[in-house]
Structures are given as structure tokens and as C-alpha cells.
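Analysis of the macromolecular model
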Amino acid sequence: MRCNDSGFDQISNGVSRRDFLKVCTATAVYMGLPASFGPKIAEAATAAKKRPPVIWLSGQECTGCTESLVRTSHPTLEHLILDLIALDYSETLNTGAGHQAEEFRAKSIEENKGKFILVCEGSIPVKDGGVYCKVAGVPVLDILKETAPKAAAVIAIGSCATWGGVPSSGPNPTGATPVYKILEGTGIPVINIPGCPPNGYNFLSTVLYYVTFKKLPELDKKLRPKFAYGRLIHENCERRPHFDAGRFAEQFGDEGHRKGYCLYKLGCKGPETFNNCSTLRFNDMGTWPVNIGHPCFGCSEEGVGFTAPLHSPARPLYITPPTQFASATPEKGKGASALAAAAAGAAIGVGVVAVGTSLGKKDKEES
Ligand code: FSX
Ligand code: SF4
Ligand code: F3S
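Quantities reported herein were computed from a predicted structural model and do not represent experimental measurements.

Procedures and definitions
Residues numbered from 1 in each chain as written. Chains lettered and ligands numbered in written order. Predicted model: local features only at pLDDT ≥ 70, side-chain atom pairs only at ≥ 80, totals over all residues. Buried ≥ 20, exposed ≤ 12 C-beta atoms within 10 Å, placed from the backbone. Helix = DSSP H or I, 4+ residues; strand = E, 2+ residues; numbered from the N terminus. Pairing = 2+ DSSP bridges. Core = buried A, V, L, I, M, F, W, Y, C linked by C-beta atoms within 7 Å. Contact = placed C-beta atoms within 7 Å. Near = placed C-beta within 6 Å. Nonpolar A, V, L, I, M, F, W, Y, C, P; charged D, E, K, R; others polar. Axes fitted to C-alpha atoms, helices over the stretch in contact; angles between N-to-C directions.

Focus on the pairing of strand S9 (residues 190-193)
The side-chain alternation of S9 yields two buried faces, one formed by Val190 and Asn192 and the other by Ile191 and Ile193. Bridge analysis of strand S7 (residues 153-157) against S9 gives four bridges, and the strand direction is parallel. In the strand pairing of S9, Ala156 is matched with Asn192.

Written out as C-alpha cells, the structure reads:
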């Protein structure tokens, strides 16, 4: 689809107006907005005379964030990304190269001062003046410091950019640092979309929200959009009934594993990872690590992914009632039994390391 500046009715690349509306409506619902906001998002995304310019910087990363965004087979996501925004600079996707690309970046930044979105993929090495990651001979640390103050907002995409990710793993020889820390105290708005890589829809929805409402969505204390990172993976996992019933795979390929039992004992970090993988899932097949038989290793969670050993047991942050319970706020007199049932899975063969003292308390702290 090419919305270009000519409007929303135009259909190309196989995306109809109806399909686009569907995507926007789904996005609205997914962000916790009424479905009636779908047309508003679609209109805002296409009515603007100029698509919001985006400068996409790359630091220490594997390019997985970009790859996952553009290679998704979900119809049109890559077209939406490329058509809703004006991607003026991206080392991976630039058609130009060398000094031409660098000149274009400088030109776009000057022309769109205060209006462009700066997307940062990858961590920023700060050791030895940032010499461990340079673009066009300039440390990406300096490029970020120079570019961010001119942006309307900064979106850090991926675990590397949001909390350090792979490059920051011990002993962190390059001083890999997350973007928000570099910009701390500057007042520049930063939003974090962690994951290695993150789900493209979490990025898309954030951009659409910004384009529609001209502000960032509600964030938690780690600067993550609450609509995507507000709940633990464990809370909505399809294997959760097995956890609650104390049915676990003990080894890869054993009977429990083949039967789809809970992967906690294989090191699943769903009980300490805030993300929406278990509900949003990835690609057209709706796969995500746990439903293809691998434990979540907490790729999006600081202090878990690339830090905790892959197959060590998770440290459940708090016990939540299983999803089949009607409400997280039990009716009078039923609270104790709800908690007891929720704890059953933990008690049968699982040692709970840290448990919130009451439902909702930890929720409050995390947000
Ligand atoms: Fe790779 Fe992105 Fe991981 Fe990092 O994703 S998928 S290493 S989060 O910065 O490119
Ligand atoms: Fe799902 Fe992992 Fe929780 Fe088991 S421990 S219910 S596999 S998130
Ligand atoms: Fe990452 Fe776990 Fe989701 S490994 S992709 S946070 S299921």
C-alpha cells in the first residue's frame, strides 16, 4: 500500500481500505481503546499531509528487530510500517549508502526538527569514548546525543536498546548502555519496546498511537507501554492450567513435554517476564516460544534474559489466579480458596521464591 500524501482510498500492494481499517481497529482494541477508535487511527494515519519522519539509528545489535519487522508474513505489516511513516534513514533499509545516506540523515533531521521520531535499535557502548560502535567514523554515542534533542520522541526498540540486552551481558566489555540511561535527565521522552526481538505489533501500535493522539501511550516505570507489558506471560499462558494442576515436563521430549505440560521445570521464565507473547504471539501461524515447546527465557526482561541461566527455574514474582477464574478480585469469602488453588501448581513440585503478599499489590508496584 502506498498512502503517500494522496489519501486513504488508494489501494496498492494488495492492501484494501477495509483491510487497513481492520488492522487499525484490531490495534485500537489491543491497546485497550474502544473499537470505535479504529477509524480514528486509520484516518489520522493517512490524513496527515506528511507522514511522520523517522530516523532509525543502529547501535550494538544483530538487526533482528528490523528483520522481524520487515520479514513478518502477516499481511502488510511491513507495508504499514513503511507507508505510515517516512523512514528517512535506516542503515539496514536505506537505498542510498555511504556519505549520501549520511547527508540525507542530516538533512532530514534539520528539516524536521522537533517533529521526527528517533528509533534506536541496539545498545550504546560508552566505554573508551564509545569507540566500540561507530557509524561513518562517528561513535553512535555522539550521534545519539546530537540527534535525540532534536527529535519529538525516542523509541528504543529491542532489549539491547531498552536495557542493554545481549551486549550488556557480563562482563560487558564495551560498557553497553541502554538508550534511556544516556538520555537521563535531558527531559527527552523515551519509550521502551523490549524483546529480542520485540513483537512488531508492539512497535506498530506505539507508532499508531503517537500518530493518532500526538502523545505517547501510558508507560510503566520501566518506560514500557502498559498495553503490551502490563501482565506477566505466565498469567495468560495456554499451559497455565497444567502449572496450576502441578503437571510439568521434566525433560525435553519426555511424556509431559509431548503432552504439552507446563515448562516451568525446564526453565520457563514466564512467571517473571512482563510481555504479551502469550496473547499476541508472532507471525501468521500464531507461534511463540512456549507453544512450540521451548520455555520462555525472558528475552525482554532485564535481569532475566541473557542473565539468568537458560534452564534455571524462574523466580515467580507473585501468584495470580488462573485465567479461568472470573475475577482477580474474589467475591467476599472466596479469596482464600482462589489463592489456595492458584498456589497449587507452585506447591506441587515448584518452589516459589518470592510471592506478593496480596493480589494486586505487586501489580501496583510494577506499574
Ligand atoms: Fe537483535 Fe535488535 Fe535482539 Fe538486540 O533485537 S534481536 S540482539 S534485542 O537489538 O537486533
Ligand atoms: Fe506457561 Fe511457562 Fe507459566 Fe508454565 S511456567 S504456565 S509454560 S509461562
Ligand atoms: Fe521472549 Fe519469552 Fe516472549 S523468550 S519472545 S519474552 S515468550
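Quick word on the nonpolar core
If you look at the biggest cluster of nonpolar residues, it comprises 53 residues, and the most contacted ones within it are Leu118, Cys120, Leu144, Val154, Ala156, Ile157 and Val179. The element contributing the most residues to this core is helix H9 (residues 200-213), with seven residues. In contact with Val179, other than residues within four places in its own chain, are Cys120, Ile124, Leu144, Val154, Ala156, Ala161 and Val190. By size, the runner-up hydrophobic cluster in this structure holds 26 residues, among which are Leu266, Phe274, Cys296 and Ala314.

A short note on the site of ligand 1
In the vicinity of ligand 1 lie 15 residues, with Glu61, Gly64, Gly158, Cys160 and Cys196 positioned nearest. Of all the secondary structure elements, the ones that give two or more residues to the shell around ligand 1 are helix H3 (64-70) and helix H7 (159-163). Sort the elements by how many residues they give to the shell around ligand 1 and H7 lands first, with three residues. Of the residues in the shell around ligand 1, the class split is seven nonpolar, six polar and two charged.

Considering unusual backbone geometry
Cis geometry marks the peptide bond from Gly170 to Pro171; its omega dihedral reads 10°. When you line up the elements, Pro171 lands in the loop between H7 and strand S8 (176-177). Cis peptide bonds are those with omega within 30 degrees of zero, and the linkage from Cys196 to Pro197 qualifies with -5°. With respect to the secondary-structure elements, Pro197 resides in the loop between S9 and H9. Look at Ala136: it is not a glycine, yet its phi comes out positive at around 55°. Residues other than glycine seldom take positive phi values, yet Leu223 does so here, at roughly 65°. Given 21 C-beta atoms within a 10 Å radius, Leu223 is considered buried.

As for the sheet that holds strand S1 (residues 53-58)
Across the sheet, five strands lie side by side as S2-S1-S3-S7-S9; this open sheet has parallel pairing. Here the strands that pair on one side only, and so sit at the sheet edges, are strand S2 (86-90) and S9. The average angle at which neighbouring strand axes cross in this sheet is 20°, direction not considered. By the bridge criterion, four bridges tie S1 to S2 in an arrangement that is parallel. For Val54, the partnering residue across the bridge sits in S2 and is Leu87. Sitting on the sheet, helix H6 (residues 140-147) is in contact with S1 and strand S3 (117-121), with an inclination near 155° to S1. In the packing of H9 onto the sheet, contacts are made with S7 and S9, and the angle to S9 comes to roughly 155°.

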